[in-house]
Amino acid sequence: MPGGQREDLEAGLRSGPGPGFEDPENSEVALADPFDIADTKNASHETLRRWRQAALVLNATRRFRYTLDLKMEEQKDQRRRMIRSHAQVIRAALLFRMAGEQQLDLAAKVATPTDIGAGGDYAVGLEQLASMNRDQNVSTLMRYGGVRGISDLLKTNVETGISGDEADIAKRRIAFGSNTYPRKKGKGFLRFLWDAVQDLTLIILIVAAAASLALGIKTEGIEEGWYDGGSIAFAVLLVIFVTAISDYRQSLQFQNLNEEKRNIQLEVMRDGRMVNVSIFDIVVGDVVPLRIGDQVPADGILINGHSLAIDESSMTGESKIVHKDHKSPFLMSGCKVADGVGTMLVTGVGINTEWGLLMATISEDTGEETPLQVRLNGVATFIGIVGLAVALSVLTILLARYFTGHTRNADGQVQFIRGKTSVSDIVDGVIKIVTIAVTIVVVAVPEGLPLAVTLTLAYSMRKMMADKALVRRLSACETMGSATTICSDKTGTLTLNQMTVVEAYVGGKKIDPLDSSSQLHGSVSSLLYEGIAHNTQGNIYTPKGGGDVEVTGSPTEKAILSWAVKLGMKFDEVRADSKDIHVFPFNSEKKRGGVAIKRANSDVYIHWKGAAEIVLASCTRYLDLEGNLQSMGAEKESLKQAIDDMASRSLRCVAIAYRPLDADTVPSDEESLNKWELPEDNLVFLAIVGIKDPCRPGVKEAVRICTLAGVKVRMVTGDNIQTARAIALECGILSSEADVAEPVVIEGKTFRALPEKEREQIAKKITVMGRSSPNDKLLLVQALRKGGDVVAVTGDGTNDAPALHEADIGLAMGISGTEVAKESSDIIILDDNFASVVKVVRWGRSVYANIQKFIQFQLTVNVAALVINVLAALTSGDVPLNAVQLLWVNLIMDTLGALALATEPPTDELMHRSPVGRREPLITNIMWRNLVVQAVYQICVLLVLNFCGKTVLHLNDEPAEHANKVKNTMIFNTFVLCQIFNEFNARKPEEMNVFAGVTKNNLFMAIVGMTAVLQVIIVEFLGKFTSTVRLSFTLWLVSVAIGIVSWPLAVAGKLIPVPRTPMSRLCMKPFKRCKSSRAS
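What you see is a predicted model, and the numbers here were worked out from it, not measured in a lab.

(A) Up close: unusual backbone geometry. Put simply, aspartate 512 and proline 513 share a cis peptide bond, and its omega is 0°. In this fold, proline 513 is placed in the loop between β11 (509-510) and α19 (522-534). Phi at asparagine 682 is positive, roughly 50°, even though this residue is not glycine. In this structure, asparagine 682 sits in the loop between α24 (670-675) and β20 (683-692). Residue classification places asparagine 682 among the partly exposed residues on the basis of a relative accessible area of 43%. One non-glycine residue, aspartate 832, lies in positive phi territory at about 60°.

(B) Structural view of the packing of helix α35 (residues 960-987) against helix α38 (residues 1033-1044). Two elements in contact, α35 and α38, have axes separated by 8 Å at closest approach and are oriented at 40°. Between α35 and α38, the angle falls in the class oblique. Regarding α35 and α38, the two cross each other, and that crossing is right-handed. Touching Val966, Met970, Asn973, Thr974, Leu977, Cys978 and Phe981 of α35 are Leu1035, Trp1036, Val1038, Ser1039, Val1040, Ile1042, Gly1043 and Ile1044, all from α38. Residue composition of the contact of α35 with α38, grouped by class: eleven nonpolar, four polar and no charged.

(C) Quick peek at the UniProt feature "coiled-coil region" (unreviewed entry) in the protein chain. Under the feature "coiled-coil region" (unreviewed entry), the UniProt entry names residues 622-649. For residues 622-649, helix accounts for 50% and strand for 18%, while the C-alpha atoms at its two ends are 25 Å apart.

(D) Expanded view of the packing of aromatic side chains. All chains considered together, the criterion is met by 14 aromatic pairs. Judged by centre distance (5.2 Å) and plane angle (50°), the rings of tyrosine 122 and phenylalanine 176 are tilted. Taken as a pair, tyrosine 122 in the loop between α4 (72-100) and α5 (126-135) and phenylalanine 176 in helix α8 (residues 166-176) lie far apart in primary sequence, 54 residues in all. Across this residue pair, the class does not change: tyrosine 122 and phenylalanine 176 are buried. Three or more aromatic residues joined by ring pairs make a cluster, and in this case those are Phe981, Phe984, Phe995, Phe1004 and Trp1047. Above the ring of tyrosine 122, the side-chain terminus of lysine 155 is found at 5.5 Å from the ring centroid. A cation sits over an aromatic face here: arginine 987 above phenylalanine 1004, 5.6 Å from the ring centre.

(E) Up close: the pattern of salt bridges. In total, this model carries 32 salt bridges according to the counting rule given. Glutamate 747 is the partner of lysine 749 in a salt bridge, and the nearest nitrogen-oxygen pair spans 3.8 Å. Classification of lysine 749 by relative accessible area gives exposed; the value is 54%. Arginine 785 is the partner of aspartate 808 in a salt bridge, and the nearest nitrogen-oxygen pair spans 3.1 Å. Of the two residues, aspartate 808 sits in the loop between α30 (801-806) and β25 (809-813) while arginine 785 sits in helix α29 (residues 774-786), which places them 23 residues apart along the sequence. Residue classification places aspartate 808 among the buried positions, given a relative accessible area of 2%. Arginine 785 gets classed as buried once you look at its relative accessible area, which sits at 9%.

(F) Region of interest: the pairing of strand β10 (residues 500-506). Counting buried positions along β10 yields five of seven residues, so the element is predominantly enclosed. As paired strands, β10 and β20 are joined by six bridges and run antiparallel to one another. Bridging from a neighbouring strand, tyrosine 505 pairs with isoleucine 688 of β20. By the bridge criterion, two bridges tie β10 to β11 in an arrangement that is antiparallel. Across the sheet, the residue bridging to valine 506 is lysine 509, located in β11.

Cut-offs applied
Residues numbered from 1 in each chain as written. Predicted model: local features only at pLDDT ≥ 70, side-chain atom pairs only at ≥ 80, totals over all residues. Heavy atoms only, no water. Helix = DSSP H or I, 4+ residues; strand = E, 2+ residues; numbered from the N terminus. Buried < 20%, exposed > 50% of the residue type's maximum accessible area, 1.4 Å probe, protein only. Axes fitted to C-alpha atoms, helices over the stretch in contact; angles between N-to-C directions. Parallel < 35°, antiparallel > 145°, perpendicular 65-115°, else oblique. Left-handed = near helix turned anticlockwise from the far one by under 90°. Contact = heavy atoms within 4.5 Å. Nonpolar A, V, L, I, M, F, W, Y, C, P; charged D, E, K, R; others polar. UniProt positions renumbered as here; feature names shortened; annotations may be inferred. Phe/Tyr/Trp six-rings, centres within 6.5 Å; stacked < 30°, edge-to-face > 60°. Lys NZ or Arg CZ within 6 Å of the ring centre and 35° of its normal. Salt bridge = Lys/Arg side-chain N within 4 Å of Asp/Glu carboxyl O. Pairing = 2+ DSSP bridges.

Right, dumping it as C-alpha cells:
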C-alpha cells in the first residue's frame, strides 16, 4: 500500500487497526485542534467558524476573501422568496438599471426587448408570456389554444422547432430578450487596494510614518526631514499596491473560470434537426428535449412527456419532486429533470424568468475552505503568535534600553537623558522603536501563507483547463494529490465512446453481411425497425436536398440507429405509423428501457431494449428469420453463448425484444398512464447486437502511470462482466488472465449482497466491477473510504450523483455527463478522457508540492529575520534591519515568493511518489532539515557581520557613523541575496540538482531577476529612503559569495539523514505520555 496512506484517518471510521490506523491519543489531539479539518467537502458551518475564530489574522478581509461566505445561503433564500413575491418590480428595476448602463443594444451581453408590452412581429407579447409563466396559469394557456396555439403565435413548430437562421434568432431576441442576465460586477482594482489597506500592522505603520514625517520636517526641515517617514510610507504603499495587483489578477482568473462553469451546452430542435447550442443562445420559441439530469434552460411549457418529474428545489426552496403533465405543464428555468423524458417549448428567457432575476440579484459565491488553507491558517497562527511574542520582547527591550540611557547614536551619543532630551526627540525615538516592532510583526505573521494556496490553485485551475479539466471546487485540486484509488467508468472514459455495431443476431441466427436486410422476413424487419425507431432518445435528420443522414443521441443509440438505417429503416415513416403512449426511459438500475406504442389499427406493442442477458432472461419465445414465433428452449443457451463470445471480445451486447398487449389493459386516463409500469415478462426475442467501443489511445500508459504513482485504478461499469474483463485487460487495469477470479472481478449484485463488514474487506481487492448499478458504485466508494482510501470517482449519469458527492473527489464527464452529475462533482473532465484524470492527479500533487516549497522558503526568512533582530536588540539595543528593509524582505517573501514558487509547473517525478496522506505533516522532516541548515547559516553569517562586521570588512578606520551604515547595508544586502539564492533551493527540497527545469519556468526566472535588479537599485540609488549606503564592487562580490554558499550547503544538507517519524509527532510524545499517565 502506498506510504502516504498510512496517516490517512479522516476518510471514515475504521473497524479496527489497519492502514491508516492511528492511536487514540493522536485522534484526541486531532479532535482538539481547530485547524484539523482534513476534509472540508462536507464540513459544517460551525466547524468553519471555529477555525476562523482560532486564527491569528492581521487582515481578515484579505485572508478570508476566497473562503465560503457563511451568510450567502441565508441571503440567497431571502432573495428567492422576495423574487417570487415581487418579480415584476425587480424586473422593472433591472431593466431601468440596464438602460442606464446602455446595455440595450444587441451587441451587449444582455439583450432586452424593445417594447415589453407588445409582441412586435409576434401575436403574443413578452409581458403576456411572462405573466402566464409566473402565475403558471393553465386557463390563460388554454385561452391561447394550449401549447400548439402558443407555438403558432410564436411562429414555431412543436415538431421541428424554429427555422434557426440568424435573422429569425435576432428578431426573437429583440422581441423577447436573450437568455442572459446582468451579473453583479466583480470587485474593481480600487476595492482590492482598499482590502490591502485593511491590514492592522500596515495601518499602524502608516500612522507611524505620518508622525515621523511631521516630526522630521519640524526638526530637520522639509529637505532632509521627510526621508524617514516618507521612506516607510513609500514602502508600505509598495506592499499595498503589489498585494492588490496580485489579488486582482487572481480574481480575474476565478471570474473566467466561473464563466466556463455557467456556459452549459445543450441540444435544441431547429428546422427539424438537433443542434448543440450554448444555454445563452436559447430563444423564445425553441423546442428543447429534456432528459434525466438536464437543467431546464429557460421558462417553458411541456409539449409532451413521459413520467416527467422536475426537482424545483433550486427555485422554491422545497426539496419536492413535481410531476409534469398537461394539467401541470409549466417548467421553471434553473430546475432539474429528476425522472422521465419530455419536450418543452421555451416561452421566457433571461431576466423574464425567476431564475434569471435570482441570478441577477445575487453574487455567486465561489469561495470555500480547502484543507490546505485551513492547515496553513494553523501554521500562520502559530508562527504569528511566536512573531508577536518576539515583537513585544523587542519593543520592551528597546524601550527599556532607550529610557535607561543605554541606546546610543551612531556617533556614540546617548539618545535619552532625563530632563534634557526634548519631547519631540523622545516621540521620534519611540516612533522608531514602535515602527521596528510592528514591522517585525508584519514579517513574522505570514498572511501570505494561506493566500499562497489560492494563488497556486488559481494558477493550477487555469492550466488544468488546457488539460481538459474544469475545477468546480478548489479543494478538489489539493485532494486529488492525495488520491489512492480512482473508480472509473468504462464507456467514454477508458474507451473512445465511438460505437459501431459489428455483429448482430436476428431470429437466433448471425446476420452476415451485417447491413443486409435480404435475410430478414418483412414482419421481422418491420418489428425490428419499430422497436429501434420508437424505443430511442435519439433522432435521425434527413436533409431535404438529399445527402447523408445525421444521427443524434447517445453513442449507443447512434450505433443502433445507424445500423438500422443501413438495413433500410425509414425513421420518420416508422415513427409516423404509430404513436408512443408510454415511455420507460433507460434505467441504469434495471439496465433497460421500454416503450408502449399504438399502431394505426389500434394494436398495442411493448418494445424493450437493454443489457442482452437481462432482456434475454425475460424472453420466452423468439421470432425466427421467416417471421414465425418459436419457443425459446435450447435456443436460449446458444444465444447466451453468443453473448459471452461477443463480450469476451470487448463488445457491448444489447438485446431488442417485444410483446403484443391487449389494448384494454392500457390505462385510459393520463394520471394512471403516468404510473403504469410496462409489462416486462413473456417477451419475444428479436435481436442482439454487438457494439464495438475501442479503448482510447494512451489509456494503457495512463493506467501504468497511476500504478507507478501508487494510485489503484478500478473499473466500475454497468456492462456485462465479460466485456468489463476484456476491456480491463486491454487497458492494463488487469495485468493478466490469472487476475480475473472473484473478488478481483465481481458483479455488482454479488458485492451488494455482502454484509457491510465483509464489503469493506472485499472492496480493497476489487479491480473490476461489472453489471453495477449507481448504488453499487456508492457502496464501493463508502467501503473504500472506510478502509482509509482517498477515493476519486468518475460519473456521468444523474444516478451517479450520490457517489460523486460521497467520494473525496467527484469527476463528472463534460461530454456525456448530465447537469445533475456535473453539479454534484468537484471537477469536470471536459473530454471524458481517463488520461485527463491522470493529469488532474499530477496537478493535485503539484499544488501540494508548491505550497511546501513556499513554506520552506518563507519559514527560513522568518526564522533568520526574527533571530537576528532579537539577538541584536538584546545585545546592542539596535536592530540591523530597519522598517523599510523589513518591508522589502516581506514583499520578496510574501507576494513575489509565492508567485515564483507557487506557480512551478508539475514534473514527472511527482508521479514517481506515493500519494500524500492528508494527515501527513505539512512541514516534513526533510523541510525542517533544509530550513534549519539554511537558517542557521544565515543567522551565523549575519551575527558575525553585526558584531564583528567593522573588523571583518576593514571598517575600523572609517568614521563611526559611516562604518555603521556600511555594516548594516552589508547585513541587509547579504540577507536579501541569501533569500534570492535560497529560492532556487526551495524549488527542489529533496533533489540534489535544484536547477533542473528552471529555465522552463519563465515566471520564476523573471521574479528572481526582478528581485535582484530591484535590490541593486535600492542599495545603490535609494539609500536616503532605505538608510543604506553604496557598496563597493568588492563588498558586492562578498555578498554574492555569501549568498552562493547556500547552494553547496543545500547539497551537503541533503546528505544528512532524517528520522521517518514526523518531527511534530516526536515533539508531542512527551506531552502525550504525560497526558496518558494523568488519565490512568
